[in-house]
Amino acid sequence: MSVSPTPDVQAKRESFYRALEPHSMAALWTRLRTLIPSEPTPVGVAHRWSYELARPHLLESAELISAAEAERRVLLLENPGLPGTSRITNTIYAGLQLIMPGEVAPAHRHTQSALRFIIEGSAAFTAVDGEKTYMEPGDFVITPAWTWHHHGHDGNAPMVWLDGLDIPIVAFFNSVFREEHEVDEAPITRPAGDALARYGTGLMPVGYRSSTLNSPVFNYPYARTREALYALSRAGAPDPHAGHLMRYTNPVDGGWAMPTLATMIRMLPAGFFTSPYRSTDSAVFVCVEGAGHAVVEGQQFDFAPHDVVVIPGWMKYTLHASKDTVLFSYSDRVAQEKLGLFHEQRF
Ligand code: GTQ
């Protein structure tokens, strides 16, 4: 029960609050409802980036700066509701990275984890911790925290991928470290495909003990993923809230592939629409193939291949597919699950 104070009491309280300020103290009861609201208030807004619109800007950037000079030639996707923050959501970063034939984005390492989701082109590679992997559209590639990595391009057309990083999460904990390698291209110590052969075929070297929180597989090729999704879609009905939804796993323990970012991919059959759903994780979606739209809190966002849609946590949404559609997504769900904070609601 709340009773309103008399003007006299209120004036005394106000002067009490002011007297606390110089001592770096404050009365909790003036802030309690803001500090501990009854449910999450979505941070930032839902938004769609059209690849058709972004692409010319990305290509123009190559006329202005090399990958070497930029270190990473990336147009970051910033949530329109969070201007100046370099964030696509409160907790995650996204950017479109371009590498041109013959270029090298020099080797560095940092405590942020990165994922790449390949948008267009072929014959570019990323080298992670001594192993190169050549990337194809739809591939999901991991750069674990603190591993040396550089990118290169042996082909003859622009190559673009979406970068997803846990930059705001690592910044929140103020645990950022970065280092440049002494050479642009860090030494290659294993043949391309080594990790996939050792850990990515349902087999595992006997006696293997993982020393990291990341999956030892660092390229999940789309050819395999797509085959699995379509086989799944032929075998049974889609989940009403998610479609045919799969998550990328770490083969060592069956957990998520990365320690902070949850990565998933789903197939939505032509004509399918999901029932309303919301969850506390904030997610970034990439349309891989097909077409459709998301309706987020009543607002519609159309998507075509390569478009990116962001849905902040706790916004209610549905997904509609006008053709057979594949959507990749990543979110802060892993971090939330580890802290016991992940919550979802199906309508
Ligand atoms: O490719 O290493 O979009 O370090 C942002 C920071 C990409 C990368 C980004 C990075 C990278």
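Everything discussed here concerns the structure shown above.
Residues numbered from 1 in each chain as written. Predicted model: local features only at pLDDT ≥ 70, side-chain atom pairs only at ≥ 80, totals over all residues. Heavy atoms only, no water.

Caption draft 1: Spotlight on the nonpolar core. In this structure, Ile 88, Leu 96, Phe 140, Leu 162, Phe 328 and Tyr 330 are the most contacted members of the largest nonpolar core, which totals 47 residues. With residues near it in sequence (within four places) discarded, Ile 88 still touches Trp 49, Leu 77, Asn 79, Tyr 93, Ala 94, Val 284, Val 308 and Val 310. Counting 19 residues, the second-largest nonpolar core is a separate cluster that includes Ala 46, Val 309, Leu 319 and Ala 321. (Core = buried A, V, L, I, M, F, W, Y, C linked by side-chain atoms within 4.5 Å. Buried < 20%, exposed > 50% of the residue type's maximum accessible area, 1.4 Å probe, protein only. Contact = heavy atoms within 4.5 Å.)

Caption draft 2: Examining the packing of aromatic side chains more closely. Counted according to the given criterion, the structure contains 14 aromatic pairs. Within the aromatic cluster, the residues linked to one another by ring pairs are Phe 117, Phe 140, Tyr 220, Tyr 248, Phe 328 and Tyr 330. Residue placement shows Lys 132 over the ring face of Phe 125; its charged tip is 4.1 Å from the ring centre. (Phe/Tyr/Trp six-rings, centres within 6.5 Å; stacked < 30°, edge-to-face > 60°. Lys NZ or Arg CZ within 6 Å of the ring centre and 35° of its normal.)

Caption draft 3: Geometry of the site of the ligand. Around the ligand, the neighbouring residues are Arg 72, Val 74, Tyr 93, Gln 97, His 108, His 110, Arg 116, His 149, His 151, Asp 163 and Leu 165. Tyr 93 places a side-chain nitrogen or oxygen 2.7 Å from an oxygen atom of the ligand. Notes on the ligand: free accessible area 290 Å², of which the protein chains cover 89%. Of all the secondary structure elements, the ones that give two or more residues to the shell around the ligand are β3 (93–99), β4 (104–110), β9 (149–153) and β10 (159–165). For the shell around the ligand, the residue count by class is three nonpolar, five polar and three charged. (Near = heavy atom within 4 Å. Polar contact = N/O pair within 3.5 Å; in protein donor to acceptor, adjacent residues only side chain to side chain. Areas by Shrake-Rupley, 256 points an atom, 1.4 Å probe, with all protein chains shown as cover. Helix = DSSP H or I, 4+ residues; strand = E, 2+ residues; numbered from the N terminus. Nonpolar A, V, L, I, M, F, W, Y, C, P; charged D, E, K, R; others polar.)

Caption draft 4: Here's a closer look at the sheet that holds strand β19 (residues 308–311). Taken together, six strands build an open sheet; the order of strands is β1-β19-β16-β21-β14-β13 and the sheet is antiparallel. Of all the strands in the sheet, the pair left with one neighbour each is β1 (47–49) and β13 (244–247). Shown here is a sheet whose adjacent strand axes are inclined to one another by a mean of 20 degrees, direction ignored. Here three bridges tie β1 to β19, and the two strands are oriented antiparallel to one another. Pairing of His 47 across the sheet is with Val 310, part of β19. (Pairing = 2+ DSSP bridges. Axes fitted to C-alpha atoms, helices over the stretch in contact; angles between N-to-C directions.)

Caption draft 5: Expanded view of a nonpolar patch on the surface. On the surface, Leu 28, Leu 32, Leu 35 and Ile 36 cluster together to form a nonpolar patch covering roughly 390 Å² of accessible area. When you line up the elements, Leu 32 lands in helix α2 (residues 32–35). (Patch = residues over 30% accessible without salt bridge, like charges linked within 9 Å, V, L, I, M, F, W, Y side chains within 5 Å. Salt bridge = Lys/Arg side-chain N within 4 Å of Asp/Glu carboxyl O.)

Caption draft 6: View of unusual backbone geometry. Even without being a glycine, Ser 86 presents a positive backbone phi close to 60 degrees. Mapped onto the elements of the fold, Ser 86 is located in the loop between β2 (74–76) and β3. One non-glycine residue, Asp 129, lies in the positive phi region at around 50 degrees. Residue position: Asp 129 is located in the loop between β6 (124–128) and β7 (131–134).

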